[in-house]
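# Descriptive analysis of the structure
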Amino acid sequence: MNALELLNLSKTFGAQKALDDVSLNVPTGSRTVIVGPSGSGKTTLLRMIAGFEFPDRGSLTLNGQTLVDRTHAVPAYQRQIGYVPQDGALFPHMTVAANIGFGLALTGAARTQRILELMDSVALDANMANRWPHELSGGQQQRVSLARALAQQPRLMLLDEPFSALDTGLRSAMRKMVARLLEAAGVTTILVTHDQSEALSFADQLAVMRGGRLVQSGHPMDLYRYPNDEQTAHFLGEAVVLPARIEAGWAHCDLGQVAVNSNGFSGAAQIMLRPEQLQIAEVPTDSPGCHATVTERDFAGNTCTLTVELSASPAQDPVRSILVRSTGMHAPPAGSAVQLSVLGAAHVFGLN
Ligand SMILES: Nc1ncnc2c1ncn2[C@@H]1O[C@H](COP(=O)(O)OP(=O)(O)OP(=O)(O)O)[C@@H](O)[C@H]1O
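Conventions adopted
Residues numbered from 1 in each chain as written. Predicted model: local features only at pLDDT ≥ 70, side-chain atom pairs only at ≥ 80, totals over all residues. Heavy atoms only, no water. 1 Å grid on protein atoms, 1.4 Å probe; cavity = no way out; pocket = protein on both sides within 12 Å on 5 of 7 lines; lining within 4 Å. Points joined across faces, edges and corners; volume = space filled by probe spheres on them. Helix = DSSP H or I, 4+ residues; strand = E, 2+ residues; numbered from the N terminus. Nonpolar A, V, L, I, M, F, W, Y, C, P; charged D, E, K, R; others polar. Domains from an automatic or database assignment. Contact = heavy atoms within 4.5 Å. Salt bridge = Lys/Arg side-chain N within 4 Å of Asp/Glu carboxyl O. Polar contact = N/O pair within 3.5 Å; in protein donor to acceptor, adjacent residues only side chain to side chain.

### A closer look at empty space enclosed by the protein
The full count for this structure, using the stated rule, is one cavity of 30 Å³ or more. Approximately 40 Å³ is the volume found for the largest cavity. Lining the largest cavity, in full, are V84, Q142, L146, L159, P162, F163, M174 and V178. Counting only elements with at least two residues in the lining of the largest cavity, the list comes to α4 (138-150) and α5 (168-185). A class-by-class count of the residues in the lining of the largest cavity yields seven nonpolar, one polar and no charged.

Structure representation (structure tokens):
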């Protein structure tokens, strides 16, 4: 069942089209991530769901209740939607406890008890209750902001780049903690980010935006493996894109013959492989197979990205340089003669 249904939403600011006919269903209890480059319309969409922005066209329904359509709009404060903005937006003149309890109807001991429960749920120590926002780290401020939003028992939680101010280690720990917490609370969540690895790891539904349009949505693994177009492929990770001739389930390209899921299609096409689908072996150059030379080694600890130059390219317009991922410790150095083989099938653009 869908918690939220967005239908044909459009919004223009002056001459700038911020949202262009966006439709999306958000299943109940899911974690949907909206990802896209800067200016693609993510925040506008989130603010529209929250009720801070109104569409020129389209409608928005939450748990069967129409929040916005041509005839009416439910104001933000009546929507029961939690919103955690990028900077946490804590009230600077209120303590942690007062921030979290801001909208709570409870009083006395019951109020204190509920605030402590909420602090506990976001892993904040009870002795922080009387601190001021400026006495907290970025991660702690985010957790207070989240606890404040959870206190309202929202029907939907909106998170706008909530981890962007945190350093890499804390960011991934916070992401896991928030995912666990929202799952345990059964709250349907929409998170906005421009960070593709964050999007892939947090989402069970991923929606990719570009230029105000929603270009693709689905399970993150499906979008990573089967992107609709080259731009989405590159946005979600490194991609090796090659021209090919497809015939009987095989792509004939600069890597030789590569398996594809072509659904009976034959003809010219662009194919895509992720660098981790390419295996590299150091071999003498006279053995059969696809030969290449390592031209660059980019060491990043546990992984290493190699740029390799193909030795012989049968295509008229050869793709000479491609990326391959290898384990950091055993990656051959620049200048090594190597042989490439492909793991699994390549994706053919234009067939999904
Ligand atoms: N209030 C506004 N007035 C005028 N233009 C706006 C307004 N809000 C957004 N825009 C424009 O609409 C487009 C979409 O902006 P939006 O903030 O939704 O993008 P975004 O994907 O969230 O970007 P970022 O990742 O940089 O936050 C941009 O071109 C932006 O300049």
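### Overview of unusual backbone geometry
Within the chain, A123 stands out as a residue other than glycine whose phi angle is a positive 60°. In this model, E161 sits at a positive phi of 45°, which is unusual for a non-glycine residue. Among the structural elements, E161 can be located in the loop between β7 (156-160) and α5.

### Considerations on the domain arrangement of the chain
By domain assignment, the chain separates into domain 1 (2-231) and domain 2 (238-348). Using C-alpha coordinates to define each centre, domain 1 is positioned 39 Å away from domain 2. Taken together, the contacts link five residues of domain 1 with eight residues of domain 2. Summed over the shared surface of domain 1 and domain 2, the result is zero salt bridges. Between domain 1 and domain 2 we count three residue pairs in polar contact (both at pLDDT 80 or more) in total. Among the residues making up the side of domain 1 that touches domain 2, the classes are represented as three nonpolar, no polar and two charged.

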